[in-house]
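So you can see what is in the structure, the chains are spelled out below.
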Amino acid sequence: MAEYILNNGEIQIKVDSHGAELRAVTDVKTGKDYMWNADPTFWGRVSPVLFPVVGSYKDGESRYQGQTYKMSQHGFARDSEFEFLSKTENSISFILKSNDETLKVYPYDFEFIVTYTLEDNRVIVSNLVKNTGNEDMYFYVGGHPAFNCPIEENLEFSDFYVEYEKNETIIQPLPDGTSRVIIDGENKYALSRQLFDYDVIMKDKPASKSIALKSDKSDRAVTVEFPESDCIAVWSPTGDDNATFVCLEPWTSVPTYADDEDFAIENKKHAIKLSANECYDYKYTIKID
C-alpha cells in the first residue's frame, strides 16, 4: 500500500495503490479538498473503484459452466492491492491482474488498468479492462466518488442540491411495492437526509451526460461528466447530518441486482461483454470549481 501525489499547478490529487482509490482532489490555490475524509464512523472509503460488478449478485452468487462463484458487494477491485504501472507529468496508472484469488470468485482472466489524468481543473478517470483469456468475459464497471457536502464549512447539507445536465424523471421503487417521484421532468432536487431513506437514487439511461453538486449560497461546485454511462446514481447515508458527503456515481449500466432472474454470468443482460484479447475503456471526469 502506497500513496501517490499528482499536481498540475491547478489541482492536486492523492491516489492509494490499495484499490487504486482516489483519496483527495484539492484546489491548489485555496488548499480546499473536495473529497470526503473517509471517516469510518459513516463510510470509510473515498472513491472506490467498482469492478467486476456494481451492486451485488442475488445471494452474492453467480454461476459459470456449472460452478458457483461468490463475490462481495461492488466486486473485489476496491479491496485489492494494485501494482503501480506508470506515471507522467499529468497522469498515473495502476494495474490489477487476475490471479488465484480473483479466479476463486470470478472465472475470467483479465488486466484492469486504472488511470488518473489531470487536465486543468479536471480529473479524467479511465478504467481499462483487457480480456486476457480465450473466451468472452462479462463485467460491470463504476465509480463511487464521495464529495464533501457542504463544500463550504459555513453552509449546511440542505443548502446544496443535485443538478442534472438535462431534465430527467426519476421514480424510486419503495420496499412496500409503491414508489415515489424524486423529480418529474426537472433537472434538480434539494438535498436532505430523508431523501436517502430508501438508499441510492438511480437513473437508468439518463438524458444527461453530467451531474453536479451545487448551492445557491456558494460558487464552489463539483461536476461529474459521464459521456459513456448508462446509469448515474446519487447516495448519502440517511439520518445523520455528521455524514457530510454525497456520492455521484457513474456506472456502465444498472447494477447486478437488476439481472437477478438468472444466476448465469453470461445471461446478465446489463453486463458488458468483452471478446478474447479485446479492451474496453470506461471513462468519466471529475471537475471542481
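Residues numbered from 1 in each chain as written. Predicted model: local features only at pLDDT ≥ 70, side-chain atom pairs only at ≥ 80, totals over all residues. Heavy atoms only, no water.

S.K.: Help me understand the packing of aromatic side chains in this model?
M.R.: Ring pairs (aromatic) are described by centroid distance and by the angle formed between their planes. Counted under the stated rule, the structure contains 21 aromatic pairs. Centroid distance Phe51 to Tyr106: 6.3 Å. Interplanar angle 70°. Geometry classified as edge-to-face. A residue pair is termed long-range when its members are at least 10 positions apart, and Phe51 in the loop between β4 (49–50) and β5 (61–64) and Tyr106 in the loop between α1 (100–105) and β9 (110–119) qualify at 55 residues. Clustering of aromatic rings is evident, with ring pairs tying together Phe51, Phe76, Phe82, Tyr106, Tyr108, Phe110, Phe112, Tyr138, Phe139 and Tyr280. Over the ring of Phe263 we find Arg63; its NZ or CZ atom is 4.3 Å from the centre of that ring. (Phe/Tyr/Trp six-rings, centres within 6.5 Å; stacked < 30°, edge-to-face > 60°. Helix = DSSP H or I, 4+ residues; strand = E, 2+ residues; numbered from the N terminus. Lys NZ or Arg CZ within 6 Å of the ring centre and 35° of its normal.)

S.K.: Please explain unusual backbone geometry as it appears in this structure.
M.R.: Negative phi values dominate among residues other than glycine, just as trans dominates among peptide bonds. Cis peptide bonds are those with omega within 30 degrees of zero, and the linkage from Phe51 to Pro52 qualifies with 5°. The linkage connecting Cys149 with the following residue, Pro150, adopts the cis geometry, with an omega of 15°. In this structure, Pro150 sits in the loop between β13 (146–148) and β14 (160–173). Look at Ala38: it is not a glycine, yet its phi comes out positive at around 65°. The residue Ala38 is located in the loop between β3 (21–27) and β4 in this model. Look at Ala38 and you get buried, because its relative accessible area is 11%. A positive phi angle, near 50°, is found at Lys205, a position not held by glycine. With respect to the helices, strands and loops of the structure, Lys205 is situated in the loop between β16 (201–204) and β17 (210–215). Classification of Lys205 by relative accessible area gives exposed; the value is 58%. (Buried < 20%, exposed > 50% of the residue type's maximum accessible area, 1.4 Å probe, protein only.)

S.K.: Which parts of the structure should I look at to understand the environment of Asp176?
M.R.: Turning to its location among the elements, Asp176 is positioned in the loop between β14 and β15 (179–190). Here Asp176 falls in the exposed class, since its relative accessible area comes to 59%. As for Asp176 and Tyr140, which are separated by 36 residues in sequence, their C-alpha atoms are 28 Å apart. Separated by 2.5 Å, the side chains of Asp176 and Thr178 make a polar contact. (Polar contact = N/O pair within 3.5 Å; in protein donor to acceptor, adjacent residues only side chain to side chain.)

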